[in-house]
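# What the coordinates show
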Amino acid sequence: MKQIISRLRTLPLGVALLAFVACNLISGTFVITVMYENLSVASLNDFYYQAVDVTEEEDWQDHKDDIKDIDNVGFELWMDNNSGQAITAYLYVAPITSSLNGSSTKAEVMADAIRIFSLPLPDSEDIFIGYAESFNYVANIQQLRDMAEEGQFKFFALSDASPIDFGIDSVKVIVTVSAGK
Amino acid sequence: MKKLLLLAICLLVLPHLVAAQGVKLGAGVFGGMEVPVIQDDQSSGTNFGFKGRLNVALITFEPYLSFASYGGADIDDVIDDPDGSSITGFGLDAVLFSGFGAPGPRMILFAGIGSYKVKNDQMDYDQSNIGYSLGLGLEVGVARGISIEGRGRFLAIGTEGGATKKSAIVTAGLNYHFGM
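Each chain carries its own residue numbering, running from 1 in the direction its sequence is written. All chains are assigned letters beginning at A, and all ligands numbers beginning at 1, according to the order in which they are written. With the structure being a predicted model, the display of local features is reserved for residues of pLDDT at least 70 and the display and counting of side-chain atom pairs for 80 or more, all residues being used for whole-chain, interface and lining totals. Think of the side-chain values as coming from all heavy atoms in the structure, minus any hydrogens and water.

### Focus on the overall build of chain A
Scanning chain A from N- to C-terminus turns up five helices and nine strands. Burial analysis of chain A (181 residues in total) assigns 50% to the buried set. Working rule for contacts: check all heavy atoms of both residues, and any pair within 4.5 Å makes them a contact. The contacts in chain A between residues at least 6 apart in sequence include a share of 82% that link residues at least 24 apart. A run of H or I in DSSP counts as a helix once it spans at least four residues, and a run of E counts as a strand once it spans at least two, with each numbered from the N terminus. Burial status follows relative accessibility: with a 1.4 Å probe on protein chains alone, a residue under 20% of its type maximum counts as buried, one over 50% as exposed, and anything between as partly exposed.

Here it is in structure tokens:
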């Protein structure tokens with residue numbers, strides 16, 4: 001009898017443990033990736049433009065009402081530089097509600113969008129900037145995280161040259177979100 | 001602020017416990033594995049730490065300091081995965097049914113609260129928040145004043161936005177109890 005009472009004494013704690021685990025398991029941290037190829041080139045051929053949208057991805061759809069934090073936003077880029085010299089590419093972002101787009105001028109993008117990366121590009125046809133590596137060149141990361149809360153933002157890539165002197169074969173956008181009730 | 005509050009609670013409670021009759025003291029070390037739970041951006045890593053032990057009747061209070069490092073992530077569709085985060089924490093566990101160095105095996109239940117700093121330099125991520133944990137384990141008194149233990153802990157650390165970062169932690173430990 002004593003043994004039974006002793007075991008029953010632990011029952012509420014066991015139930016509490018299970019409830020605690022169960023409540024917390026409905027939240028988590030998820031990494032959402034979306035890939036873009038054939039980016040639009042601006043009408044004056046002096047920057048690339050892409051409207052980024054992760055809201056159609058499965059993890060975003062599953063947790064969109066419970067997203068609490070944008071932990072990070074990063075990129076993987078496949079690029080080429082045929083200018084014959086090392087150059088720097090600049091990546092800018094703007095809110096999805098911004099009037100900036102592929103018809104804007106380079107000066108408008110540089111004035112109104114937020115520069116998030118300055119990427120040194122060697123003279124090469126085969127340049128890969130990885131996700132982890134890209135953070136070596138990042139700036140204004142918190143503004144990028146804030147912008148990504150809507151799951152959508154506008155992306156621009158340019159250099160000092162006009163017309164643009166590098167190529168972007170594809171861009172992968174990687175968004176890490178934490179969701180919870 | 002939360003850190004200070006937690007520290008103040010520890011400082012207020014512990015001296016009273018020590019002053020109370022029948023309080024027994026001990027210390028321990030532990031180490032093992034920390035497994036992220038529903039965290040796509042982390043993989044399993046290590047956890048180790050130190051703790052004090054203050055036993056009053058059925059409850060043993062354990063102030064602790066822990067250090068954990070997740071492994072590098074293995075994110076689907078990402079070629080260049082980032083490093084895992086590190087977690088440094090301190091807090092207080094309340095352990096039920098610990099034998100506190102008495103011979104033989106005992107099942108233990110515990111719950112704890114602590115302050116945890118989650119940091120990832122590579123990703124420019126740095127947050128300090130309160131975490132809560134619950135767990136169970138087995139403690140075995142193996143010699144006079146010495147016990148070994150195995151524990152499983154579920155830890156949930158809050159984030160600034162209101163979500164949680166969760167881990168399952170499995171550790172083995174060695175405890176020494178003074179004056180036994």
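Picking up after the structure, the text goes on.
### What about the interface of chain B and chain A?
Chain B puts 36 residues into the contact, and the matching count from chain A is 36 residues. When two parts are put together, the accessible area they lose, computed with a 1.4 Å probe and summed over both, is reported as buried area. In this assembly, chain B packs against chain A so that about 2800 Å² is buried in total across both faces, 65% of it on carbon and sulfur atoms. Broken down residue by residue, the surface that chain B buries against chain A is led by Ile38(B), Asp80(B) and Met123(B), which jointly contribute 19%. Each reported salt bridge corresponds to a side-chain nitrogen of Lys or Arg within 4 Å of a carboxyl oxygen of Asp or Glu. Among the salt bridges present, the one from Lys165(B) reaches Asp71(A), with a minimum N-O distance of 2.4 Å. Here a polar contact is taken to be a pair of N or O atoms separated by no more than 3.5 Å, where protein atoms must pair a possible hydrogen donor with a possible acceptor and residues adjacent in sequence count only if both atoms sit in side chains. Linking chain B with chain A are 17 residue pairs in polar contact (both at pLDDT 80 or more), by the criterion used here. Of all the secondary-structure elements, those providing two or more residues to the side of chain B that touches chain A are strand S6 (125–143), strand S7 (146–158) and strand S8 (164–177) of chain B.

### Let's talk about the sheet that holds strand S2 (residues 40–41) of chain A
Residues and elements named next belong to chain A. A pair of strands is labelled paired if DSSP reports no fewer than 2 bridges between them. Spatial ordering of the open sheet is given by S2-S3-S8-S5-S6, a layout of five strands whose pairing is antiparallel. Two strands lie at the open edges of the sheet, namely S2 and strand S6 (114–121), each paired on one side alone. Note that strand S3 (residues 48–53) and strand S8 (residues 152–158) share six bridges and pair antiparallel. Following the sheet pairing, Val-52 is matched in S8 by Phe-153.

### So, the sheet that holds strand S7 (residues 124–129) of chain A
Residues and elements named next belong to chain A. Taken in spatial order, the four strands make up an open sheet running S1-S9-S4-S7, and their pairing is antiparallel. Looking at the sheet topology across the chains shown, the edges are occupied by strand S1 (28–37) and S7. Averaged over all adjacent pairs, the angle separating strand axes in this sheet is 15°, with direction ignored. Pairing of strand S4 (residues 67–81) with S7, which is carried by four bridges, proceeds in the antiparallel orientation. Looking at the pairing, Leu-77 lines up with Ile-129 of S7. Only the contacting stretch of a helix is used when fitting its axis, a line to C-alpha atoms as for every element, and angles between N-to-C directions run 0 to 180 degrees.

### Here's the deal with the nonpolar core
Residue and element names in this part refer to chain A. Judged by nonpolar contacts, the single largest core of 47 residues is most densely connected at Phe-75, Met-79, Phe-153, Phe-166 and Val-173. For this core, the leading source of residues is strand S9 (residues 166–179), giving eight residues. Buried Ala, Val, Leu, Ile, Met, Phe, Trp, Tyr and Cys residues form a nonpolar core when they are joined through side-chain atoms within 4.5 Å. Phe-47, Leu-100, Phe-156 and Leu-158 belong to the second-largest nonpolar core, a separate cluster that totals eleven residues.

### A closer look at the side chain of Ser104(A)
Here Ser104(A) shows up in the loop between strand S5 (87–95) and helix H3 (106–112). One polar contact links the side chain of Ser104(A) to the main-chain amide nitrogen of Asn101(A), over a distance of 2.9 Å.

### Focus on unusual backbone geometry
Going from Ser162(A) to Pro163(A), the amide bond is cis rather than trans, its omega being 0°. Mapped onto the fold, Pro163(A) is located in the loop between S8 and S9. Notably, Asn38(A) is not glycine yet its phi reads approximately 50°, a positive angle. Within the secondary structure, Asn38(A) is located in the loop between S1 and S2. Despite not being glycine, Asp124(B) has its phi angle at roughly 55°, a positive value. For Asp124(B), the position within the fold is in the loop between strand S5 (104–120) and S6. Assessed through its relative accessible area of 46%, Asp124(B) is described here as partly exposed.

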